[in-house]
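Each chain is listed here by its residues.
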Amino acid sequence: MRCSRLALLVFAGLVALTPLPSSARATAEEPLVVDLSRHLVEITTGFSGTDLLLFGATDPGGGTESADVVVVVSGPAEAQTIRRKDSVAGLWINSGSARIEGAPAFFRVASTRPLEQVASSALLQRLGIGLDQRNLDIRVEDDGSDAVAYRAALMRLMRARGQYDDRIATIARPGRRLFRTEIHFPATVPVGIYKVEIHLINQGRLIGTQETPLAVDRVGLGAAIHDFAYRQSGLYGLAAVVLAACTGWLAAWLFRKG
Amino acid sequence: MQIYLPIAEMSVNVFVILAVGGGIGFLSGLFGAGGGFLLTPLLIFLGVPPAVAVGTGTNQIVASSVSGALAQWRRGNVDLRMGLILILGGLVGSGLGVLLFHWLRRLGHIDLVISASYVVLLGGIGGLMVTESVRELLRRRAGGGTEPIARRHARGWIDRLPLKVRFRRSHLYISALLPALVGIAVGVISAIMGVGGGFVLVPAMIYLLGMPTAVVMGTSLFQIVFVTANATFLHATVNHTVDVVLALVLVLGGAIGAQFGVRVGARLKGEHLRVLLGLLVLAVAVKLLIDLLVPPTEPFSLAATIGAAR
């Protein structure tokens, strides 16, 4: 009975994932089955943030009922430039910078229990859970500061923008084998292909990992405008000028009549 | 109500942006200055990436200047010949300004140059306008009556310049080189600071060219329409930093605000207008100077990735 229900879940997961390029390799032997409520976060004209539901089940065999689930959501890694202001002759001006590569544009972690109780820091680092452990390529061009300070600054600035979050979201386990968590995406969420990794860890040992794809993209009018602006920038520039001039003229005309 | 800006790549409240556009449009109609020196810092303060704030700001100024210039045109306050010479100078100047901008950016000093030019130019011009206008008002209150503006003094070298042209609306017979040079200077400033340049153009027309205040407002708006249209096109094609959604919302608020500005401006005396504009310009300069002098709470900042090559 239990087995057949799990098989059903596996099948449901497969059906949901098959049309996508790098779908989770959910097979009957896998100890972990997961899916997202949606695999595309659509940034529409009225977009003000959204929540995705991540849900799944663990294999009942092998005593994994007490195992922990850790979810890592990471956005596309883009090179970032960070500048530092310093006092030069009494004026606070940009006087140093660093180029940081390998930092994801978005990062969230969710876990069933506090991370330090789930696994050793060595395992957490190996799995890329948490940003403190992540290897970043930091090239500093600044005599007054160092890579450690720039790394800390990146974390602060990204947290302030809502792109990183220190807090570990909770994963609920409504049954012995089921788990679910909500992943929040703020209005500032960057577009790109995201990676959602789900790790099953039992007594500090990694049992299985699943990966499920997620894309964040503009749709509708916003996407059309963005494409137009980048693909036919000359026409776009002309359109912007004409639109502004017409609106200004229209307003002047309306007020003359009124 | 939230709206997503496709180029700025962020979500903003429509009513906040409408209010900002309305306020800037009002000032534009009132003073003849485009209000860009306020709009760009305001948009950055709202979280719009600086490059997008500059590019979109020029687009908004196109609309509010068209609206204001048409209102002035109907009142016969545009000196067309003067305006055309200023535009020619402005197009040359903004081209030079874009080259200067790229050169400074390569040297890594563009942020400092922008801040410093805001402080020096706004502070200097604001101070000049306030002291000049207050002196004028005090003299009038003392019972001296309206003194004709002392245009004819101390312009010996100016009167000797070649290519003299008669500007009938402005009651001037001066060399065409003078407004052309003013146009070039304003074009350079406008490209570097991302503004229409009205706050430089208006005093230059009053104090340097000696134009009557009534014609100054209309003619400066007329020039700003064409120079900012050129700047918008350059920002859109070179930097991809013009957000039409943001601009349209700003324009809607601004177009309405400009009409009220023109009406209120028609009821105020020229000296009062100049004191008000001077104080506003000074306030922005002081704010930017404080930003330069006071230690920032967060010395680090993320450089914008929008507008960079991708």
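Computed from a prediction, not measured in an experiment: that's the story for all the values here.

Engineer: Help me understand the domain arrangement of chain A, please; the structure alone is not making it clear to me.
Structural biologist: Reports of interface size often rely on the accessible area that becomes lost once the parts have come together. Residues and elements named next belong to chain A. If you check the domain split of chain A, you get domain 1 (2-213) and domain 2 (219-258). Across the boundary between the two partners, domain 1 contributes four residues, which contact four residues of domain 2. Here the residues of the side of domain 1 that touches domain 2 sort into one nonpolar, two polar and one charged.

Engineer: Teacher, can you tell me more about the nonpolar core here?
Structural biologist: The nonpolar side chains of a soluble globular protein tend to be buried with one another. Counting 149 residues, the largest nonpolar core has V71 of chain A together with V225 of chain B as the members making the most contacts within it. A total of 13 residues in this core trace back to one element, the largest contributor, which is helix α9 (residues 213-239) of chain B. Per-domain counts for this core show at least three residues from each of domain 1 (2-213) and domain 2 (219-258) of chain A. Setting aside residues no more than four positions away along its own chain, V225 of chain B makes contact with V62, S65, V66 and A69 of chain B.

Engineer: Explanation requested: the pairing of strand β3 (residues 50-58) of chain A in the structure shown.
Structural biologist: The two faces of the sheet receive side chains in turn, since in a regular strand these alternate between them. Residues and elements named next belong to chain A. Here five bridges tie strand β1 (residues 32-36) to β3, and the two strands are oriented antiparallel to one another. Across the sheet, L32 pairs through a bridge with T58, a residue of β3. Alignment of β3 against strand β10 (residues 178-185), held across eight bridges, turns out to be antiparallel. Bridge pairing links F55 to R180 in β10.

Engineer: Would you explain the environment of A229 of chain A in this entry?
Structural biologist: Following the sequence through the fold, A229 of chain A ends up in helix α5 (residues 220-231). Here A229 of chain A falls in the buried class, since 23 other C-beta atoms lie within 10 Å of it. Aside from chain neighbours lying at most four places away, what touches A229 of chain A is Y236 of chain A together with I7 and H240 of chain B.

Engineer: What is the right way to look at the UniProt feature "transmembrane region" (unreviewed entry) in chain B in this model?
Structural biologist: Residues and elements named next belong to chain B. The residues that UniProt annotates with the feature "transmembrane region" (unreviewed entry) are residues 12-39, 83-104, 110-131, 172-193, 205-229, 241-261 and 273-294. The span residues 83-104 is 100% helix and 0% strand, and its two end C-alpha atoms sit 30 Å from each other. Along residues 205-229 one finds 88% helix and 0% strand; the C-alpha atoms at either end are 21 Å apart.

Engineer: Looking at this structure, I do not really get the sheet that holds β10 of chain A. What am I missing?
Structural biologist: Through backbone hydrogen bonds, the strands of a sheet pair up, either in parallel or in antiparallel fashion. Residue and element names in this part refer to chain A. With antiparallel pairing, three strands are arranged side by side in an open sheet as β1-β3-β10. In this open sheet, the two strands that pair with only one neighbour each are β1 and β10. In this sheet, neighbouring strand axes are inclined to one another by 20° on average, regardless of whether the strands run parallel or antiparallel.

Engineer: Any chance you could explain the interface of chain A and chain B here in plain terms?
Structural biologist: Contacts between chain A and chain B engage 46 residues on the former and 43 residues on the latter. Contributing elements (two or more residues each) for the side of chain A that touches chain B: β5 (80-88), β6 (91-101), α4 (147-160), α5 and α6 (233-257) of chain A. Examining the composition of the side of chain A that touches chain B, we find that 17 residues originate from one element, α6 of chain A, more than from any other. Partitioned by chemical class, the residues of the side of chain A that touches chain B number 23 nonpolar, 16 polar and seven charged. In terms of strand pairing, β5 of chain A meets strand β5 (residues 300-302) of chain B through three bridges, oriented antiparallel. Counterpart to I82 of chain A in the pairing with β5 of chain B is L302 of chain B.

Quick notes on the rules
Residues numbered from 1 in each chain as written. Chains lettered and ligands numbered in written order. Predicted model: local features only at pLDDT ≥ 70, side-chain atom pairs only at ≥ 80, totals over all residues. Domains from an automatic or database assignment. Contact = placed C-beta atoms within 7 Å. Nonpolar A, V, L, I, M, F, W, Y, C, P; charged D, E, K, R; others polar. Core = buried A, V, L, I, M, F, W, Y, C linked by C-beta atoms within 7 Å. Buried ≥ 20, exposed ≤ 12 C-beta atoms within 10 Å, placed from the backbone. Helix = DSSP H or I, 4+ residues; strand = E, 2+ residues; numbered from the N terminus. Pairing = 2+ DSSP bridges. UniProt positions renumbered as here; feature names shortened; annotations may be inferred. Axes fitted to C-alpha atoms, helices over the stretch in contact; angles between N-to-C directions.

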